Amino acid sequence: MAAFASLRTNSNDTAPDINGFRNARSLSEGFASGEYYDWMENPLSSFYRDLMRSFTSNYHVYFMLPALLHSIALVKLCKRYSVNPCMSLLIYFCIGTYVMMFLAAFKQSMAMAILLLALPYAEEKKYIRYSLLVLLAMLFHFYAIVYLAVPLLFGKPWGKSTWLLLAITAFTLATYDATLGAVMQNVEEMGGNIAEEELFDGNSINVLRVAVYWV
C-alpha cells in the first residue's frame, strides 16, 4: 500500500506537491521567514518538505513517510474495529477512498494519518492524548481542527449530541454563505488563510455519493 502511494507520478494534487518539493527552500530560509512558526499555515508540512529536500531530490522518498504512516494507521484501525479486516479494506479500496486519500495534497494525507492514529484515544476517553494528536495534525493541515468534535460522537446514538450536531449541520447548510463567510473572516483575523474558492466554488456533491458513504 505504501509503495503504491509513494511511487505515484501524477494525478490530482501530485504534480503541485512534486513542484513544491523541487522548489523547496533551505531550512535556514524557512526559519528566517518565520514560515515554520505560523501555526495556522501548516508549518510542519513546510518544514517536512524543506527538510526532505535538503537530503534528497527524489520526490518518491518525500512521499514515502506519509504513505507508510497512513497505511499503518489504516491497517491498525481495521484490525482494531472490524470483525472482518479484509472486507473492510476491500470496501475502503472499492469506494475510492484509498486512492483519493493519496491523490490529495501531502498535508491532507499526513494530517489524516495522525487523526486515524488518534481515534482510539477519543473512544477510550483519553482526551488529553487525543487533543495533542489533533493539534499535531493541525500543524500539517489546519482543517484537522474539526476533529476536536469527534468525542461528541461517542455518546448514545440519537441522543442529545446527535440531534445537536444535526441541528448545527442543518443550520450551516441553510445559511451556508453567511456562516462560512463569518468563519473565513474570523480565521483570517486570527492570521490564518482559507481559500475563498474552496468554500464558494459552486460545486456540490452528488446525492448518491452521500448515500453510499452514509451506508
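Before reading further, recall that the structure is shown in the block above.
The model shown is predicted, which means the values in this text are computed figures rather than measured ones.

A.B. asks: What's the story with the overall build of the chain in this structure? I'm lost.
C.D. replies: Across its full length, the chain carries 13 helices and zero strands. Listed N to C, the secondary structure of the chain is α-α-α-α-α-α-α-α-α-α-α-α-α in terms of helices and strands. Scaling as 2.2 N^0.38, a compact globule of 215 residues should have a C-alpha radius of gyration of about 17 Å, and the chain matches this with 19 Å. By principal-axis analysis of the C-alpha atoms, the chain measures approximately 50 × 45 × 35 Å. By the burial criterion, 32% of the 215 residues in the chain qualify as buried. Intrachain contacts of the chain at a sequence separation of at least 6 include 64% that bridge at least 24 residues. With the model as given, the accessible surface of the chain reaches about 13,500 Å², and the carbon-plus-sulfur share is 65%. Across the chain, 15 positive and 16 negative side-chain charges occur, with their mean positions spaced 16 Å apart.

A.B. asks: What is the right way to read the pattern of salt bridges from this model?
C.D. replies: Pairing between side chains of opposite charge can happen when the charged atoms of each approach one another. A complete count under the given rule lists six salt bridges for this structure. Ionic pairing is found between glutamate 35 and arginine 25, a salt bridge with its closest N-O pair at 3.5 Å. Linking glutamate 35 in the loop between helix H3 (27–33) and helix H4 (43–55) with arginine 25 in the loop between helix H2 (14–22) and H3, this pair joins segments that are ten residues apart in sequence. For glutamate 35, a relative accessible area of 22% puts it in the partly exposed group. One continuous salt-bridge network, built from bridges that share partners, spans Arg25, Glu35, Arg49 and Asp50.

A.B. asks: Is there a simple way to think about the packing of aromatic side chains in this case?
C.D. replies: Here a ring pair, both rings aromatic, is described through the centre-centre distance and the interplanar angle of the planes. For the coordinates displayed, the defined rule picks out 17 aromatic pairs. When the centroid spacing of 5.1 Å and the interplanar angle of 75 degrees are considered together, the rings of phenylalanine 93 and tyrosine 98 count as edge-to-face. Among the residues examined, tyrosine 98 registers a relative accessible area of 5% and is labelled buried. Joined through ring pairs, the aromatic side chains of Phe21, Tyr48, Tyr59, Tyr62, Phe63, Phe106 and Phe140 make up one cluster. Positioned above the aromatic ring of phenylalanine 21 is the side chain of arginine 53, whose terminal nitrogen or guanidinium carbon lies 5.6 Å from the ring centre.

About the cut-offs
- Residues numbered from 1 in each chain as written.
- Predicted model: local features only at pLDDT ≥ 70, side-chain atom pairs only at ≥ 80, totals over all residues.
- Heavy atoms only, no water.
- Helix = DSSP H or I, 4+ residues; strand = E, 2+ residues; numbered from the N terminus.
- Rg over C-alpha atoms; globule rule 2.2 N^0.38 Å.
- Buried < 20%, exposed > 50% of the residue type's maximum accessible area, 1.4 Å probe, protein only.
- Contact = heavy atoms within 4.5 Å.
- Areas by Shrake-Rupley, 256 points an atom, 1.4 Å probe, with all protein chains shown as cover.
- Lys, Arg positive; Asp, Glu negative; His and termini not counted.
- Charge placed at Lys NZ, Arg CZ, Asp CG, Glu CD.
- Salt bridge = Lys/Arg side-chain N within 4 Å of Asp/Glu carboxyl O.
- Phe/Tyr/Trp six-rings, centres within 6.5 Å; stacked < 30°, edge-to-face > 60°.
- Lys NZ or Arg CZ within 6 Å of the ring centre and 35° of its normal.

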